[in-house]
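# Fold and contact review
Next come the chains, spelled out residue by residue.
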There are 2 protein chains.
Amino acid sequence: MEHPKSYTHKQEQLARFAKAMGHPARMAILQFLLAQESCYFGDIHEELPIAKATVSQHLKELKEAGLIQGEIEAPKVRYCINKENWELARKLFADFFSQTGYRKENCCQ
Amino acid sequence: MEHPKSYTHKQEQLARFAKAMGHPARMAILQFLLAQESCYFGDIHEELPIAKATVSQHLKELKEAGLIQGEIEAPKVRYCINKENWELARKLFADFFSQTGYRKENCCQ
DNA sequence: AAAAATGTTCGCAAATATACGAACAATAAA
DNA sequence: TTTATTGTTCGTATATTTGCGAACATTTTT
């Protein structure tokens, strides 16, 4: 076989989280939710320089990545950090970045 | 004005790093470099299930995001973690994830 | 019941991303 | 000087992402 290796589950999970965080609007949404200024769609939208349809789409992506969750609180919608997955992401990123960082015997000095 | 706010510099920088990490192949490359198994393109390529042209492209993206750097060591090419930016990324992600995480007075419990 | 408020979904356009083989460039080895 | 080795770049195809307005669905309010 030409390409023996594939990707590890951790690499894929980390990439999935990273990808979800890979847009300024989504980072802004996450920070807004972390700051607990509000959890309502309308307030999130007001904070961002994009149309509500686009905000809704970004929220959907964050939800599908598992970083947030949403529930209807008629007539509004409340979005929250998904604590369980948030902890997972925090840990995966922490492990990733403390992965020696780099060594003394680095082939790159 | 309809949309008063934009994104902060930190949000954009974090998103840029996250985006670069948002693909399993690129995560695999970073981990390979961190593990210091080798820094040569050929060895990186062997580790991945994709064509060399594609590997080269992913390396270019990581380089443009500032996470790695490359130098010619004829006839090979050596890629390395960009230490300065790596530290920056580490710090930005650490700060981001320790951003209270979430509060007791969370509007989402 | 009609009107207002709040978001989601649809349809579309434009921009990016992903992947590959073939061609190319540069150095090293024969 | 050929030939081999090592990567990059080019051209192309396909898929995904981003963004918007309009239409739609739901619940509240009047």
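To keep things clear, this report deals only with the structure shown in the data block. The structure presented is a predicted model; accordingly, all values stated were derived computationally and were not measured.

## Quick look at the overall build of chain A
A count of helices and strands for chain A gives 5 helices and 2 strands. Element order for chain A, N to C, with α for helix and β for strand: α-α-α-α-β-β-α. Burial status across chain A gives 46% buried among its 109 residues. Taking contacts inside chain A between residues at least 6 apart in sequence as the whole, the part at least 24 apart equals 49%. When the accessible surface of chain A is summed, it comes to about 5800 Å², and 50% of that surface belongs to carbon and sulfur atoms.

## Thoughts on the protein's contact with DNA strand C
Close to DNA strand C lie 21 residues, the nearest being Ser56(A), Tyr79(A), Lys19(B), Ala51(B) and His58(B). Counting only atoms of DNA strand C within 4 Å of the protein, the fraction found in sugar and phosphate groups is 72%. With respect to DNA strand C, the side chain of Lys52(A) contributes an N or O atom lying 3.2 Å from a base nitrogen. Elements represented by at least two residues in the surface near DNA strand C include exactly helix H3 (41-47), helix H4 (52-64) and strand E2 (76-81) of chain A together with helix H4 (52-64) of chain B.

## So, the relation of the copies chain A and chain B
When chain A is fitted to chain B, the residual RMSD is 0.0 Å, and the transformation amounts to a turn of 180° plus an axial shift of 0.0 Å. Here the symmetry operator amounts to a two-fold rotation axis. When each C-alpha of chain A is compared by its distance to the rotation axis, Ala18(A) comes out closest, at 2.4 Å. When the interface residues of chain A are mapped onto chain B, 100% of them again lie at the interface, so the same face is used by both copies.

## What to know about the pairing of strand E1 (residues 68-73) of chain B
On a regular strand, each side chain points to the face opposite its neighbour's, so the side chains alternate between the two faces of the sheet. Here E1(B) pairs with strand E2 (residues 76-81) of chain B via 6 bridges, running antiparallel. Bridge pairing in E2(B) links Gln69(B) to Cys80(B).

## Some remarks on helix H1 (residues 9-21) of chain A
Helical periodicity: at 3.6 residues per turn, an α-helix aligns residues three or four positions apart in one direction. Here H1(A) contains 13 residues, and its C-alpha end-to-end distance of 18 Å stays within 8% of the 18 Å for a straight helix at 1.5 Å per residue. All buried positions along H1(A) are accounted for by Gln11(A), Gln13(A), Leu14(A), Ala15(A), Phe17(A), Ala18(A), Ala20(A) and Met21(A). Turning to H1(A), the residues buried within the fold contact helix H2 (24-35), H4 and helix H5 (83-98) of chain A together with helix H1 (9-20), helix H2 (24-35) and helix H5 (83-98) of chain B.

Scoring rules and cut-offs
Residues numbered from 1 in each chain as written. Chains lettered and ligands numbered in written order. Predicted model: local features only at pLDDT ≥ 70, side-chain atom pairs only at ≥ 80, totals over all residues. Heavy atoms only, no water. Helix = DSSP H or I, 4+ residues; strand = E, 2+ residues; numbered from the N terminus. Buried < 20%, exposed > 50% of the residue type's maximum accessible area, 1.4 Å probe, protein only. Contact = heavy atoms within 4.5 Å. Areas by Shrake-Rupley, 256 points an atom, 1.4 Å probe, with all protein chains shown as cover. Near = heavy atom within 4 Å. Polar contact = N/O pair within 3.5 Å; in protein donor to acceptor, adjacent residues only side chain to side chain. Least-squares fit on C-alpha atoms with pLDDT ≥ 70 in both. Pairing = 2+ DSSP bridges. Expected span 1.5 Å × (residues − 1).

Everything listed is a geometric property; what it means functionally is a separate question.
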